[in-house]
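Inside the fold
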Amino acid sequence: MRYDARMANEAQSAAGRMKALGHPVRLGIAMRLAAEPETCACDFAEVFEVSQPTISQHLRVLREAGLVTTRRRGTQICYSLDAGGVRAVQAGLAGLATPTLRSA
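Cut-offs and rules
Each chain has its residues counted from 1, running along the sequence as written. Residue-level local features of this predicted model are given only where pLDDT is at least 70; pairs of side-chain atoms are given and counted only at 80 or more, and the full residue set underlies all totals for whole chains, interfaces and linings. Note: side-chain values were computed over all heavy atoms of the structure, leaving out hydrogens and water. As used in this record, nonpolar core signifies buried Ala, Val, Leu, Ile, Met, Phe, Trp, Tyr and Cys residues forming a set joined through side-chain atoms within 4.5 Å. Three labels apply to residues, based on accessible area from a 1.4 Å probe with only protein chains included: buried if under 20% of the type maximum, exposed if over 50%, partly exposed otherwise in between. Put simply, DSSP marks the helices as runs of H or I at least four residues long and the strands as runs of E at least two long, and each gets a number from the N terminus on. Two residues form a contact once any of their heavy atoms are found within 4.5 Å. In short, DSSP must find at least two bridges between two strands for them to pair. Axis definition: a line fitted to C-alpha atoms, over the contacting stretch in the case of helices. Angles run 0 to 180 degrees between N-to-C directions. Here is the rule for angles: anything less than 35 degrees is roughly parallel, anything more than 145 is roughly antiparallel, 65 through 115 is roughly perpendicular, and the remaining ranges are oblique. Patch members must show over 30% relative accessible area and no salt bridge, and they are joined within 9 Å when carrying like charges or within 5 Å when they are nonpolar side chains of Val, Leu, Ile, Met, Phe, Trp or Tyr. To measure how exposed things are, a 1.4 Å probe is used in the Shrake-Rupley method; for residues, cover is taken only from the protein chains shown. The term salt bridge refers to a side-chain nitrogen of Lys or Arg lying within 4 Å of a carboxyl oxygen of Asp or Glu.

Quick word on the nonpolar core
- Core analysis: the biggest nonpolar cluster contains 15 residues, and Ile29, Ile55 and Leu59 have the highest contact counts within it.
- Within the residue set of this core, elements represented by two or more residues are helix 2 (24-35), helix 3 (42-48) and helix 4 (52-64).
- Setting aside residues up to four positions removed in sequence, Leu59 forms contacts with Ile29, Ala41, Phe44, Val68 and Tyr79.

Concerning the sheet that holds strand 3 (residues 76-81)
- The strand order 1-3-2 describes an open sheet built from three strands, whose pairing is antiparallel. Of all the strands in the sheet, just strand 1 (39-40) and strand 2 (68-73) have a single pairing partner and so form its edges.
- Across six bridges, the pairing between strand 2 and strand 3 is antiparallel. Of the residues in strand 3, the one forming a bridge with Arg71 is Cys78.
- Where helix 2 meets the sheet, its contacts fall on strand 1, strand 2 and strand 3, and the angle it forms with strand 3 comes to roughly 90 degrees.

Some thoughts on the packing of helix 2 against helix 4
- Axis separation between helix 2 and helix 4 bottoms out at 10 Å; the angle between their running directions is 70 degrees. Of the possible angle classes, the one that applies to helix 2 and helix 4 is roughly perpendicular. Counted together, Val25, Arg26 and Ile29 of helix 2 and Ile55, His58, Leu59, Val61 and Leu62 of helix 4 form the full contact between these two elements.

Quick look at a nonpolar patch on the surface
- Taken together, the side chains of Met18, Leu93 and Leu96 define a hydrophobic patch exposed on the protein surface, amounting to about 290 Å² of accessible area.
- Tracing the backbone shows Met18 in helix 1 (residues 5-20).
- You can call Met18 partly exposed: its relative accessible area is 31%.

Some details on the environment of Gly28
- Following the sequence through the fold, Gly28 ends up in helix 2.
- We classify Gly28 as buried; its relative accessible area is 14%.
- Placed 20 residues apart in sequence, Gly28 and Phe48 show a C-alpha to C-alpha distance of 8.2 Å.

Printed below as a string of structure tokens:
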């Protein structure tokens, strides 16, 4: 199989998701959300010992990468992992373990 435009787009998306998880706080947030879905943003600042604006920035990166979803609960915004985004990361990594690209 040749590397084509579709594969290039998939690689770009996968790289964005992996880059989003490449920061220790963002990876920690994702791990916490895997264990405790529907966690409110205010709960993360205390856990990771960073300011609320810093947590908001990290959550924005994860949301833009398609790794978390939001739901408003009153005045709070609660976050959960986006199952599709996580599956996309899993599929991308699994593809590295079983390469399909061959030289022509």
